[in-house]
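Descriptive structure summary
For reference, the chains in residue letters:
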Amino acid sequence: MTTRIEWEESGETRSALWRSESGWPAPRKVVLADDTMSADAAYRLALDGTALLWRGDFQNARQLLQALVRRIEHKGERGRRAKPRAPATPTEAFHRHRLSQLQRARTLAMLLIPFEADHGIPLRRAPDARLACLEAYGPADEPYMASLRELLGVIGAHEWRRKGVMIPALDDRIHPWYGVFSPVRGEYVELVAQAPLPPGAKTAFDIGAGTGVLSAVLARRGLRVVATDMDARALGCARENVSRLGLATQVEVVQADLFPQGRAPLVVCNPPWLPGKPSSAIEYAIYDPDSRMLRGFLGGLNAHLEPGGEGWLIMSDFAEHLGLRSREQLLGWIADAGLEVAARHDTRPVHARANDPDDPLHAARSKEVTSLWRLRSAG
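Cut-offs and rules
Residues numbered from 1 in each chain as written. Predicted model: local features only at pLDDT ≥ 70, side-chain atom pairs only at ≥ 80, totals over all residues. Heavy atoms only, no water. Domains from an automatic or database assignment. Contact = heavy atoms within 4.5 Å. Buried area = accessible area lost by both parts, 1.4 Å probe. Salt bridge = Lys/Arg side-chain N within 4 Å of Asp/Glu carboxyl O. Polar contact = N/O pair within 3.5 Å; in protein donor to acceptor, adjacent residues only side chain to side chain. Helix = DSSP H or I, 4+ residues; strand = E, 2+ residues; numbered from the N terminus. Nonpolar A, V, L, I, M, F, W, Y, C, P; charged D, E, K, R; others polar. Buried < 20%, exposed > 50% of the residue type's maximum accessible area, 1.4 Å probe, protein only. Right-handed = clockwise from strand over helix to strand, strands pointing away. Pairing = 2+ DSSP bridges. Expected span 1.5 Å × (residues − 1). Phe/Tyr/Trp six-rings, centres within 6.5 Å; stacked < 30°, edge-to-face > 60°. Lys NZ or Arg CZ within 6 Å of the ring centre and 35° of its normal. Axes fitted to C-alpha atoms, helices over the stretch in contact; angles between N-to-C directions.

Looking up the protein in an unreviewed UniProt entry gives the name Methyltransferase small domain-containing protein, with the organism given as Massilia timonae CCUG 45783.

In structure tokens, the structure reads:
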């Protein structure tokens, strides 16, 4: 359904299409803003849920957004000093952190930028972001409005797609599309590159392929791969990446909810690692509501494994350290699916936040282990 945003300007009511890849509803109250508006006034309006439709210099809008970020951070620091609390449990810390991030995102999303029908931005000193917006939104039929924060994310995603992410296991780059999770956590890719293949394996299924990085790694190991995903962007991204790497004849990318038809000696899945409700499209790669994908993979694996085959489940135990899922629960799901653990290969994360004591979730991150579980039929 098309959503529109309305505002008063030059004595008349105007409207435009509203775009939000994060799923934010169109603001109900909109006021005009330009270079004369102070950061304090903008912050008060944004906190009140009033959107600011920018009519000034684009670079000044970026500076205003940074000023809003500083005010949010200052308010958070002041609140922590004024209201010291007993140390939260990891689960409480996680939910508190998610709520804080959600509130922050809502406030920053109140600064709006106008776009023309060709994705051009009719503001002074605005960048040419038409290609980036075309990649994210597709063709536009009419002018629209979106938040500046989302636009900056769109531009950043375009740069990721253009430059790519270096994958040592491929000695090449993977180019993620907007809305498709980037394989920046390289430790899980290395696990797939190094784990011993089932004897005689010639084919594999890659369930929830995303960028196609694991399909490419398996293809480089000599396997023919059927890669599945439900998301149209992911399907396009995976096809483009395997083609760019010269692997299109080895990797078939198909739209499917979890498994393709048939069986394979190797079935690989890297589901979202945290049970929870996504708050935006990109978070579907992080949060798995009710562990649907994880349980669906485990429950359907036996029916898609060839005799003697293996299912590779790539999972972090971050959720366990946050108290969102227990190891016993995971092992119970494996057993209930008629599976057993043949082996497990572990590695520690190497990203910066794992060693940042100021991270709100440091207590859990510092203990995190990423594993490749090699599963086989218990029968």
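Attention shifts here to the domain arrangement of the protein. Domains assigned within the protein are domain 1 (4-159) and domain 2 (164-377). Contacts between the two partners involve 16 residues from domain 1, matched on the other side by 17 residues from domain 2. Here domain 1 packs against domain 2, burying approximately 1,300 Å² in sum over the two surfaces, 56% of which is carbon and sulfur. For the pair domain 1 and domain 2, the number of links is one salt bridge. Here domain 1 and domain 2 share five residue pairs in polar contact (both at pLDDT 80 or more) between them. Put simply, the parts of the chain that give the side of domain 1 that touches domain 2 at least two residues each are α3 (90-108) and α5 (148-163). Examining the composition of the side of domain 1 that touches domain 2, we find that eight residues originate from one element, α3, more than from any other. A per-class count over the side of domain 1 that touches domain 2 returns seven nonpolar, five polar and four charged.

With that settled, consider the pairing of strand β9 (residues 203-207). For β9, the buried fraction is high: four of the five residues fall into the buried class. In this view, the connection linking β9 to its parallel neighbour strand β10 (residues 224-229) by way of helix α7 (residues 213-220) has right-handed handedness. Judged from the three bridges that link them, β9 and strand β12 (residues 264-269) form a sheet pairing that is parallel. By the bridge assignment for β12, Asp206 is matched with Val268.

Let us look at the environment of Gly164. Within the fold, Gly164 resides in the loop between α5 and β7 (165-167). Judged by relative accessible area, Gly164 falls into the buried class, the value being 8%. The residues contacting Gly164, other than those within four sequence positions of it, are Glu159, Arg173, Ile174 and His175.

For strand β15 (residues 305-316), a buried count of nine out of twelve residues is recorded, marking the element as mostly surrounded by other parts of the structure. As judged from the five bridges shared by β12 and β15, these two strands associate in the parallel manner. Residue Leu266 lies in a different strand from β15, and its bridge partner there is Glu310. Taken together, the six bridges between β15 and strand β17 (residues 370-377) define a ladder with antiparallel strand orientation. Following the sheet pairing, Trp312 is matched in β17 by Arg374.

Turning our attention to the environment of Ile121. Residue placement: Ile121 occurs in the loop between β5 (111-115) and α4 (130-137). Owing to a relative accessible area of 11%, Ile121 belongs among the buried residues under this scheme. Setting aside residues up to four positions removed in sequence, Ile121 forms contacts with Phe58, Ile113, Pro114, Phe115, Ala126, Pro127, Ala129 and Leu151.

The next subject is the pattern of salt bridges. All chains considered together, the criterion is met by 21 salt bridges. Note that Arg125 is salt-bridged to Asp57, the shortest N-O span being 2.9 Å. Of this pair, Arg125 sits in the loop between β5 and α4 while Asp57 is found in the loop between β4 (50-54) and α2 (58-82), placing the two residues 68 residues apart along the sequence. Classification of Arg125 by relative accessible area gives exposed; the value is 54%.

In this section: helix α8 (residues 232-244). With 13 residues, α8 should cover 18 Å at 1.5 Å per step; its first-to-last C-alpha distance of 18 Å lies within 8% of that length. Buried residues of α8: Ala234, Leu235, Gly236, Cys237, Ala238, Asn241 and Val242, and no others. Here α8 starts with a cap whose side-chain oxygen sits 3.1 Å from the backbone nitrogen of Arg233, and that cap is Asp231. Looking at the residues trailing α8, positive phi occurs at Gly246, about 75 degrees.

What follows concerns the packing of aromatic side chains. By the definition in use, this model includes five aromatic pairs. The interplanar angle of 45 degrees and the centroid separation of 6.4 Å between the aromatic rings of Phe94 and Tyr287 together place this pair among those described as tilted. Taken together, the residues span a long stretch of sequence, with Phe94 in helix α3 and Tyr287 in strand β14 (residues 287-288) at a distance of 193 residues. For Phe94, a relative accessible area of 4% gives the class buried. For the ring pair Tyr137 and Tyr144, a centre distance of 5.7 Å and an interplane angle of 80 degrees mean the geometry is edge-to-face. Residues Tyr137 and Tyr144 agree in their burial class; the two are buried. Its guanidinium or amino end placed over the ring of Tyr144, Arg19 lies 4.7 Å from that ring's centre, counting from NZ or CZ. Note that Arg98 overlies the ring of Tyr287, its terminal NZ or CZ placed 3.9 Å from the centroid.

Next up on the list: the sheet that holds strand β1 (residues 4-9). Hydrogen bonding along the main chain pairs the strands of a sheet, whether they run parallel or antiparallel. Ordered by their spatial adjacency, six strands build an open sheet running β1-β2-β6-β5-β4-β3, and the pairing between neighbours is mixed. Of all strands in the sheet, those bounded by a partner on one side alone are β1 and β3 (29-33). Direction aside, neighbouring strands of the sheet carry axes that sit 40 degrees apart on average. Bridge count between β3 and β4: five bridges; the pairing is parallel. When the sheet's bridge partners are listed, Lys29 is paired in β4 with Thr50. The sheet strands contacting α5 are β5 and β6 (144-147), and the helix crosses β6 at an angle near 85 degrees.

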